[in-house]
Amino acid sequence: MFVMDLMGTVAFAFSGAMLAIKKRMDVFGVNILALTTAVGGGVIRDLIIGQIPPVTFRNPVYALAAVLTANVVFWTLYLVRKKRKRPRLPAVYYEKLLFWMDTLGLAAFTVEGTMAGAGYGWFLMIFVGALTGVGGGVLRDMMAGETPSIFVKRVYACASLAGAAATSFLWEWIGREPAMVTGFVLILIIRLLAAHFCWDLPRIL
């Protein structure tokens, strides 16, 4: 679980930092948005299942990893642009990078959050799994003035729900780690297929 936690933390902190930079936030704003993205979903999850204080405040390694990631991203881009006077990252590369970081963070946090609810029944496991997966991204988008991805991106939340469901139903049959890996891979596959085939949920306009 530590590996999934750390992977999700770094991936979501990276995506939060990138969005903050795109929104022209200063270094403090970049750190806050990255930290919120990385730990926000987990904090909400812990409050729901009664882990008080949340793990983030009892084990600061995740918050530190998020802040470290944010500063590496910010200062690397800052120094490169200042020294070489390069233009901003082209939109197509920015979108691809954000997609991959979002997808990895979503998959890692969904399956980790699902197992955090183990023992409370399948419904709560799926709920807290999906909430952990999408919660940080929702907070990130709202703080950055964006429409949350779960409402507009291709099967974003649905991929999380599918991975959480697979993890929750399989863990008693094949074991904790195999179930988490299965859910993780399933989310990756759904997100990649959705991006490749431009799958979208129905909308009126």
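For the structure itself, consult the block above.
Residues numbered from 1 in each chain as written. Predicted model: local features only at pLDDT ≥ 70, side-chain atom pairs only at ≥ 80, totals over all residues. Heavy atoms only, no water.

Asker: Explanation requested: helix 9 (residues 176-197) in the structure shown.
Answerer: Residues lying three or four places apart along an α-helix face the same way, a consequence of the helix completing one turn every 3.6 residues. End to end, helix 9 covers 32 Å across 22 residues, agreeing with the expected 32 Å (1.5 Å per residue, within 8%). Listed in full, the buried residues belonging to helix 9 are Ala-179, Met-180, Gly-183, Phe-184, Ile-187, Leu-188, Ile-190, Arg-191 and Ala-194. Just downstream of helix 9, Cys-198 is the residue with a positive phi angle, here 55°. (Helix = DSSP H or I, 4+ residues; strand = E, 2+ residues; numbered from the N terminus. Expected span 1.5 Å × (residues − 1). Buried < 20%, exposed > 50% of the residue type's maximum accessible area, 1.4 Å probe, protein only.)

Asker: So what exactly am I meant to see when it comes to a nonpolar patch on the surface here?
Answerer: Side chains of Ile-44, Ile-48, Trp-122, Phe-123, Phe-127 and Phe-169 sit close together on the surface and give an oily, nonpolar patch of about 640 Å² of accessible area. Mapped onto the nonpolar patch, the elements with two or more residues apiece are helix 2 (27-49) and helix 6 (122-143). By residue number, the principal contributor to the nonpolar patch is helix 6, which donates three residues. Relative to the helices and strands, Ile-44 resides in helix 2. Accessibility expressed as a relative area gives 31% for Ile-44, which makes it partly exposed. (Patch = residues over 30% accessible without salt bridge, like charges linked within 9 Å, V, L, I, M, F, W, Y side chains within 5 Å. Areas by Shrake-Rupley, 256 points an atom, 1.4 Å probe, with all protein chains shown as cover. Salt bridge = Lys/Arg side-chain N within 4 Å of Asp/Glu carboxyl O.)

Asker: Help me out: how do you make sense of the pattern of salt bridges in this one?
Answerer: Proximity of charged atoms lets side chains of opposite charge pair with each other. Applying the stated rule across the entire model yields five salt bridges. Put simply, Arg-45 and Asp-46 hold a salt bridge, and the shortest N to O gap is 2.9 Å. Taking the relative accessible area as the measure of exposure, Arg-45 reaches 6% and is therefore buried. Judged by its relative accessible area of 1%, Asp-46 falls in the buried class. Residue Asp-141 is joined to Arg-140 by a salt bridge in which the shortest nitrogen-to-oxygen separation is 2.9 Å. Taking the relative accessible area as the measure of exposure, Asp-141 reaches 4% and is therefore buried. Several salt bridges converge on common partners, so that one network encompasses Arg-45, Asp-46 and Glu-112.

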